Amino acid sequence: IEAMPVVYENLVIVHTLSARTYAIDRTTQKVVWEFTAPAAHLSTIAGAELYGDVLYVDGGDEQIHALRARDGSVIWNAPFPTQATRDLLVTQRRIIFSNGGELIVLDRETGRTVAITTQPQTTDPLFSSAAAFSNGLVFITVAGAAWCFDEP
C-alpha cells in the first residue's frame, strides 16, 4: 500500500498497488468489505478518493469505479486508457487524473468522459503530479512547467 488511507465514518479504506480496495473497521480491525475488479490486470499507485459518501478508485482494469463507501457496492464504472499514474482529483463536478501522457476528466456523477487531453506546447507529454483544485481552477505540474486551466 503506497497511497494514504481514506477515513469514512468508522471505516479506514485502503487501496493497494494490486488495485484491491479494503474497508477496515477502526474498532474491530476487521475487513468490512473488499472490492477487486474482476478484470484487474494493472497495478495502480493512485489512492482511493472520497467525496461525500462515494469512493472513487482505479480498478486496475482500465476503469474508474465509483463505490458506496459504506458497503463497497458499485455505483458506476467508467473506461479510460491504461491506469492512473497519480492520485485522482475529485471536485464537486469532476474527477481529474493522468495516465502519464494524457489528462482525463470524468463527470463525477455519471463517469462520462468530459475530456481527454495532452499538455500543450511540448514534445515531452508527461503529467508529473496529481492535479490540485482551487476557486474553479485546476493546477497540475507537467514536464518542466506548471499548467493551470478552468475546470472543464
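Counting restarts for each chain: residues are numbered from 1 in the order of the written sequence. Only residues with pLDDT of at least 70 get local features here, since the model is predicted, and only at 80 or more are side-chain atom pairs given and counted; chain-wide, interface and lining totals rely on the full set of residues. Hydrogen atoms and water are omitted, and side-chain values are computed over all heavy atoms in the structure.

What about the sheet that holds strand 5 (residues 49–51)?
The pairing of strands in a sheet comes from backbone hydrogen bonds and takes either a parallel or an antiparallel form. Spatial ordering of the open sheet is given by 5-6-7-8, a layout of four strands whose pairing is antiparallel. Either end of the sheet is taken by a strand with one partner, and the two such strands are strand 5 and strand 8 (74–79). Pairwise comparison of adjacent strand axes, ignoring direction, gives a mean angle of 20° for this sheet. At least two bridges found by DSSP between two strands are what make those strands a pair. The way it works is that DSSP assigns letters per residue, a run of H or I at least four long becomes a helix, a run of E at least two long becomes a strand, and they are numbered from the N terminus. Axis lines are fitted through C-alpha atoms, for helices just across the contact stretch, and the angle between N-to-C directions can take any value from 0 to 180 degrees.

Overview of the sheet that holds strand 11 (residues 103–107)
As summarised here, the arrangement of the four strands in space is 9-10-11-12, forming an open sheet in which the pairing is antiparallel. With one partner strand each, in any of the chains shown, strand 9 (89–90) and strand 12 (113–117) form the two edges of the open sheet. In the sheet, strand 10 (residues 94–98) pairs with strand 11 via five bridges, with the strands oriented antiparallel. Considered in strand 11, the bridge of F97 is made with I104.

Focus on the nonpolar core
In plain words, nonpolar cores are sets of buried Ala, Val, Leu, Ile, Met, Phe, Trp, Tyr and Cys residues tied together by side-chain atoms within 4.5 Å. Here's how the labels work: a residue is buried when its accessible area is under 20% of the maximum for its type, exposed when over 50%, partly exposed in between, all with a 1.4 Å probe on protein chains only. Core analysis: the largest hydrophobic core is formed by 15 residues, its most contacted members being Y56, I64, W76, L88, I95, F97 and L106. Among the secondary structure elements, those contributing two or more residues to this core are strand 6 (54–58), strand 7 (63–68), strand 8, strand 10 and strand 11. Not counting residues up to four positions away in its chain, the partners in contact with L106 are I64, A78, R93, R94, I95, F97, G111, R112, T113 and V114. Residues A48, L55, V57 and A69 belong to the second largest nonpolar core, which totals 13 residues. It only takes one pair of heavy atoms within 4.5 Å for two residues to be counted as in contact.

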